[in-house]
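Letter by letter, the chains look like this.
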Amino acid sequence: NSVTSIGSSAFSNCSSLSHVIFGENSQLTAIGEYAFRYCLNLESVYIPNTVTEIGEAAFSEDPVITTITTSATAQVPAIENTNAFDASVKTNATVWVVGNSYDDVLAYKANAKWNEFANIHLYGAVAQIEEVEYLFYIGYLLNSNRCNIG
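Below is a summary of the structure that appears in this document. In this text the structure is predicted, and so the values were computed from the model without any measurement.

So, about the environment of His19. If you trace the backbone, His19 turns up in strand β2 (residues 19-20). Overall, His19 belongs to the partly exposed group, its relative accessible area being 40%. In this view, His19 contacts Leu42, Glu43 and Ser44; residues no more than four positions away in its chain are not counted. Polar contacts involving the side chain of His19 include one to the side chain of Ser44, which spans 2.5 Å.

If you want it as structure tokens, here you go:
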């Protein structure tokens, strides 16, 4: 619990690593550049709420990441460069935001780097209801602004 940063290339090329999970009382604030690069079997990453910075290419060349879970809702972690995660991960992985409301998800979607991820969702059963309500509301707004010309 006393680790505050993961240095450059600390776990690079660690092919046996499949999951990265930090404890609830983690003091981690920074994940360094290339920290988990070339971890070819890395499937899931948990980013604690204390993380404020993710370095360049920190999770690059990790082709099988399918799940990124983050509880960082007080401050969306800054991603130094668009290549912190591979393009295929941004397209295929799901980012789960452990938060209090769909507004936490919107904060990630509003962030210039995090909005590159195609699948960002609020974590939990209540979250699914809130997300559906939000999408319904957006649909309502779109439908109420239609003009029928005929």
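Once you've had a look at it, read on.
Pairing is parallel across the open sheet formed by 4 strands, whose spatial order is β1-β3-β5-β7. Two strands bound the open sheet, and with one partner strand each, they are β1 (5-6) and β7 (78-79). In terms of strand pairing, β1 meets strand β3 (residues 30-31) through 2 bridges, oriented parallel. Bridge assignment links Ile6 to a residue of β3, and that residue is Ile31.

Turning to the pattern of salt bridges, a few remarks are in order. Pairs may arise between side chains of opposite charge once their charged atoms sit close together. Evaluation of the coordinates by the stated rule reveals 1 salt bridge. In this structure, Lys90 and Glu116 form a salt bridge, with 2.5 Å as the shortest nitrogen-oxygen distance. Taken together, the positions of Lys90 in helix α1 (residues 87-92) and Glu116 in the loop between α2 (102-110) and β9 (119-122) put the pair 26 residues apart, joining distant regions of the chain. By relative accessible area, which is 32% here, Glu116 ends up partly exposed.

What counts and how
- Every chain is numbered on its own, with residues counted from 1 as its sequence reads.
- Thresholds applied to this predicted model are a pLDDT of at least 70 for local features of residues and 80 or more for the giving and counting of side-chain atom pairs; totals over whole chains, interfaces and linings are not thresholded and use all residues.
- By convention in this description, side-chain values take in all heavy atoms of the structure and omit both hydrogens and water.
- Under the DSSP-based scheme used, a helix requires at least four consecutive residues in state H or I and a strand at least two consecutive residues in state E, with every element numbered from the N terminus.
- When accessible area is computed with a 1.4 Å probe and restricted to protein chains, residues below 20% of their type maximum are described as buried, those above 50% as exposed, and intermediate ones as partly exposed.
- Contact criterion: two residues are considered in contact whenever any of their non-hydrogen atoms come within 4.5 Å of each other.
- Distance and chemistry together define a polar contact, namely a pair of N or O atoms within 3.5 Å, with one atom able to donate a hydrogen and the other to accept it when in protein, and with adjacent residues in sequence counting only for side-chain atoms on both sides.
- What makes two strands pair is DSSP finding at least two bridges between them.
- Definition used for salt bridges: Asp or Glu carboxyl oxygen within 4 Å of a side-chain nitrogen of Lys or Arg.

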